[in-house]
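Report on the structure
The primary structure of each chain is shown beneath.
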Amino acid sequence: MKITFRVLVILLCLGIAAQAADQLIALKAARMFDGKSNALVQNAVVIVRGDKIVDAGSNLPVPSGAQVIDLGDATLAPGFMDAHTHLTADFSGNYNERRLQQLDLNVSEQAIRATAFARATVEAGFTTVRDLGSRFIASHEFVDVALRNSINRGVIVGPRMLVATKGIGATGGHFDPSGGFRDFLFGREPDYTDGIANGPDEIRKAVRFEVKNGADVIKAAVSGGVLSLGDEVDTPQLTPAEMTALVDESHRLRKKVAVHCHGDQAAREAIEAGVDSIEHGSFMKPETLTMMKKKGTFLTPTLMASEWIMGKLDNYPPALQAKAKAATAARSEMFRNAIKMGIKISFGTDAAVFPHGQNAKEFKLMVDLGMSAIDALKSATGNDAELLGIGQKVGTLEKGKLADIIAMPGDPTSDITATERVSFVMKEGKIIGQGPRTPQGTVEWTRSPDVAAPVD
Ligand SMILES: [Zn+2]
């Protein structure tokens, strides 16, 4: 069935108007990726009641009274997930201008900007993100927690967020907010309240402080990074004893641990300590990948981050350019090896390094490096749901799951860039936006109202 833009607008209005708890909607499309199978389902129908999926399959009968939304030659899929975002920041412009802006803008203004980043992310089809670090220099505000809570309460529109608050790292390491600035410019040395901790006991204190303030997941920097001025990209920054304390304390509090890590030595020590995912992993050797395979550690490759930086190298100081080149040169072979060895791959992009809403470009980078399209789709749905520990609720199109459902034109297994043109987004049964996407952006996209009705 061919749907005109006008029909889409009417359907969208109907969808938004009718959000009663027992609202029945039947979504139809030429095909469906269910989040776990190796083949697409043809003539797909997904039945949604309220915020849940009541059935999903091929040629299902439409229950009487259901509103039918026929998306035509499109593929339905579970809402995508991005296991590595920074929704409260935008690092994509000129590095030095951004560094100055970080000092100029007050944190409230940065928080308001973050609401637009959240909207752009969910409209791109990413209904869940794991947000791995939100820090504001010389401020203790927990903007990621505020953003998550405001989305959960329906005050603003955005993806479901699992947040890490500040992240944890060593003095002078990748996460040290005063790194690269003159000593004591901000009046004091950062401490555990800024996520900066040294020694196992202080690491435990930092974990407890972050959980106390709303962290869903613990993030730590165990090796140097690309976009930090004061460190080398591959040096280890936490000791094995500190990593053991980090993982033990986090897991005792039932929080998963994601570690920023480019270097091979730091990766080996982190995997040994029992972290749940290695973020980036650029310099990991095959022996290190073998350890990951044995332990079941996830790899979040964040290919988009280095791709963006390499495309805009002039935006970064020479020292960072050199780090970006070294990490990018290493990561392609590392990723190819990881695929061959069957490492669990979680989809994550490092959004903020590039503009929010372009997350789906990661899919093509993964496929270009040898991943099958269906495995790339699984990484952003079923795999991420497993890593995030929310597989009971989301990640697949199955009876009983929350109705996080997207559609993209055509067949993403024959053209993976279809993921970049998501044409329908539903989160927990509510339609977020709908319409054809153009390479220029969202010209004919129709969105739900900016402010939904708060639930409290
Ligand atoms: Zn990151």
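Because the structure is a prediction, the values reported are computed rather than measured.

So, how was this worked out
- Residues numbered from 1 in each chain as written.
- Predicted model: local features only at pLDDT ≥ 70, side-chain atom pairs only at ≥ 80, totals over all residues.
- Heavy atoms only, no water.
- Pairing = 2+ DSSP bridges.
- Helix = DSSP H or I, 4+ residues; strand = E, 2+ residues; numbered from the N terminus.
- Axes fitted to C-alpha atoms, helices over the stretch in contact; angles between N-to-C directions.
- Contact = heavy atoms within 4.5 Å.
- Buried < 20%, exposed > 50% of the residue type's maximum accessible area, 1.4 Å probe, protein only.
- Polar contact = N/O pair within 3.5 Å; in protein donor to acceptor, adjacent residues only side chain to side chain.
- Donors = N, O, S within 2.8 Å, 3.2 Å for Na, K, Ca; no water.
- Core = buried A, V, L, I, M, F, W, Y, C linked by side-chain atoms within 4.5 Å.
- pLDDT = per-residue confidence, 0-100.
- Parallel < 35°, antiparallel > 145°, perpendicular 65-115°, else oblique.
- Left-handed = near helix turned anticlockwise from the far one by under 90°.
- Nonpolar A, V, L, I, M, F, W, Y, C, P; charged D, E, K, R; others polar.

1. Overview of the sheet that holds strand 12 (residues 298–300)
Read across the sheet, four strands follow the order 9-10-11-12 without closing on themselves; strand pairing throughout is parallel. Every other strand in the sheet has two partners, leaving strand 9 (217–221) and strand 12 as the edge strands with one partner each. Going from strand to strand, the sheet's axes swing by 25° on average, the running direction of each strand aside. Pairing of strand 9 with strand 10 (residues 256–261) involves five bridges; the strand directions are parallel.

2. Observations concerning the sheet that holds strand 8 (residues 160–163)
Consider a sheet: its strands pair through backbone hydrogen bonds, and that pairing is either parallel or antiparallel. If you walk across this open sheet you meet the three strands as 6-7-8, and the pairing is parallel. Looking along the sheet, the strands with just one partner apiece sit at the ends: strand 6 (80–85) and strand 8. Each adjacent strand pair in this sheet contributes to an overall mean axis angle of 15°, direction not counted. Strand direction decides the pairing type here: strand 7 (residues 126–131) and strand 8, joined by four bridges, are parallel. Looking at strand 8, one finds that Val 129 is bridged to Met 161. Helix-sheet contacts for helix 4 (residues 143–152) involve strand 7 and strand 8, and the interaxial angle to strand 8 is about 150°.

3. Structural notes on the side chain of Thr 128
Here Thr 128 shows up in strand 7. By relative accessible area, which is 0% here, Thr 128 ends up buried. In this structure the side chain of Thr 128 is engaged in a polar contact, spanning 2.7 Å, whose partner is the side chain of Arg 160. With residues up to four places along the chain from it excluded, the contact list for Thr 128 reads Phe 80, Met 81, Asp 82, Pro 159, Arg 160, Leu 162, Leu 388, Ile 390 and Asp 404.

4. Focus on the environment of Thr 171
Position of Thr 171 relative to the elements: it lies in the loop between strand 8 and helix 5 (200–212). With a relative accessible area of 42%, Thr 171 lands in the partly exposed category. C-alpha of Thr 171 to C-alpha of Asp 201: the two residues are 30 residues apart in sequence and 15 Å apart in space. When near neighbours in sequence (up to four residues on either side) are disregarded, Thr 171 contacts Asp 176, Glu 189, Ile 196 and Asn 198. Engagement of the side chain of Thr 171 in a polar contact is seen with the side chain of Asn 198, the distance being 2.8 Å.

5. Digging into the coordination of the zinc ion
Within the protein, the zinc ion binds to His 84 (NE2), His 86 (NE2) and Asp 350 (OD); these donor distances fall in the range 2.1 to 2.2 Å. All donors to the zinc ion come from one chain, and their sequence spacing reads H-x1-H-x263-D. Of the two residues, His 86 is situated in the loop between strand 6 and helix 2 (95–104) and Asp 350 in the loop between helix 10 (318–340) and helix 11 (361–368); the sequence distance between them amounts to 264 residues. On the accessibility criterion, His 86 (9% relative accessible area) is buried.

6. Side note on the nonpolar core
Among the nonpolar cores identified, the biggest contains 78 residues, and Phe 80, Ile 168, Leu 246, Val 259, Ile 278, Leu 299 and Phe 363 are the most heavily contacted of them. Ranked by the residues each element gives to this core, the list is headed by helix 10, at six residues. Once residues within four sequence positions are removed from consideration, Phe 80 is found in contact with Gly 125, Phe 126, Thr 127, Thr 128, Phe 363, Leu 377, Ala 380, Thr 381, Ile 406, Met 408, Thr 419 and Val 422. Core analysis: the next-biggest nonpolar cluster, separate from the first, contains 19 residues, Ile 53, Ala 74, Leu 397 and Ile 405 among them.

7. Details of the confidence of the model for the protein chain
Confidence along the protein chain averages 93 in pLDDT terms, with 92% of residues attaining 70 or more. Residue range residues 1–9 is modelled with pLDDT below 50. Its contacts to residues more than four positions away, or to other chains, number 13 contacts. Taken as a whole, residues 13–18 scores under 50 in pLDDT and shows eight contacts with residues more than four places along the chain or in a different chain.

8. What to know about the packing of helix 7 (residues 264–273) against helix 8 (residues 286–295)
Between helix 7 and helix 8, the shortest axis-to-axis distance is 10 Å and the interhelical angle comes to 20°. Between helix 7 and helix 8, the crossing angle belongs to the class labelled roughly parallel. Helix 8 is crossed by helix 7, and the crossing has left-handed handedness. Within the contact between the two elements, helix 7 uses Asp 264, Ala 267, Arg 268, Ile 271 and Glu 272 and helix 8 uses Thr 288, Met 291, Met 292 and Lys 295. Of the residues that constitute the contact of helix 7 with helix 8, the class distribution is four nonpolar, one polar and four charged.

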